[in-house]
Amino acid sequence: MAAAGVGRLRRAASAVLLRAPRLPARELSAPARLYHKKVVDHYENPRNVGSLDKTSKNVGTGLVGAPACGDVMKLQIQVDEKGKIVDARFKTFGCGSAIASSSLATEWVKGKTVAEALTIKNTDIAKERCLPPVKLHCSMLAEDAIKAALADYKLKQEPKTGEAEKK
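Residues numbered from 1 in each chain as written. Predicted model: local features only at pLDDT ≥ 70, side-chain atom pairs only at ≥ 80, totals over all residues. Heavy atoms only, no water.

By the naming in an unreviewed UniProt entry, the protein chain goes by NIF system FeS cluster assembly NifU N-terminal domain-containing protein and is assigned to Rangifer tarandus platyrhynchus. Here the protein chain is described in UniProt, under the heading Sequence similarities (unreviewed entry), as follows: "Belongs to the NifU family." (UniProt positions renumbered as here; feature names shortened; annotations may be inferred.)

Considering the overall build of the protein chain
Within the protein chain, the secondary structure is distributed over 8 helices and 3 strands. When the helices and strands of the protein chain are read in sequence order from the N terminus, they spell out α-α-α-β-β-β-α-α-α-α-α. Per-residue burial over the protein chain gives 35% buried out of 167 residues. Counting every atom, the protein chain has about 10400 Å² of accessible surface; 59% of that belongs to carbon and sulfur. (Helix = DSSP H or I, 4+ residues; strand = E, 2+ residues; numbered from the N terminus. Buried < 20%, exposed > 50% of the residue type's maximum accessible area, 1.4 Å probe, protein only. Areas by Shrake-Rupley, 256 points an atom, 1.4 Å probe, with all protein chains shown as cover.)

Re the nonpolar core
Counting 25 residues, the largest nonpolar core has M73, L75, I77, I85, V109, I146 and L150 as the members making the most contacts within it. Of all the elements in the fold, those that place two or more residues in this core are β1 (59-66), β2 (71-79), β3 (85-93), α4 (96-109), α5 (114-117) and α7 (136-157). Not counting chain neighbours up to four residues away, the residues in contact with L75 comprise G60, T61, G62, R89, F90, S102, A105, T106, A145, I146 and A149. (Core = buried A, V, L, I, M, F, W, Y, C linked by side-chain atoms within 4.5 Å. Contact = heavy atoms within 4.5 Å.)

Comments concerning the sheet that holds β2
Pairing in this open sheet of 3 strands is antiparallel, and the strands run β1-β2-β3 from one edge to the other. Strand pairing shows two members of the sheet lacking a second neighbour, β1 and β3, which therefore form its edges. In this sheet, adjacent strand axes meet at a mean angle of 15 degrees when their direction is disregarded. With 8 bridges connecting them, β2 and β3 associate as antiparallel partners. By the bridge assignment, K74 is partnered in β3 with K91. Most of the contacts of α4 go to β3, to which it runs at about 175 degrees, and overall it touches β2 and β3. In the packing of α7 onto the sheet, the strands contacted are β1, β2 and β3, and the crossing angle to β1 comes to about 145 degrees. (Pairing = 2+ DSSP bridges. Axes fitted to C-alpha atoms, helices over the stretch in contact; angles between N-to-C directions.)

In structure tokens, the structure reads:
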């Protein structure tokens, strides 16, 4: 008698599963399921990927990482003589949200002054990319990378000890 009940249960479960709507395979791709379309756009078409000459006096480099997830982000800025950021590049090893955050950060710093770039906050990046709470560390990395690049640039602008004594 128990075997008959199990059979009926299996047939009922099969009927339910067969009636369940099936989505096309392309709609089940990982980026489409896990990331907002704004993240997917910057992940699939990242802006400003590459490097600038880190030895140049007008280039600031920020290298930051998150040990918890393994994301590493390098962001570089190039500043003109008036203090305006004229170029920005990044290289990121990490998830789609980290890449998208880096890409957006380079777009946002271009055209800003050094002081204006310091006002970019991780919350703004997260809101613009529609990052879920579990991915907020990616926008924090982007903010930290901006600050590190600006700090490196400012450090390069300070006269070296030997140069100050000569003047």
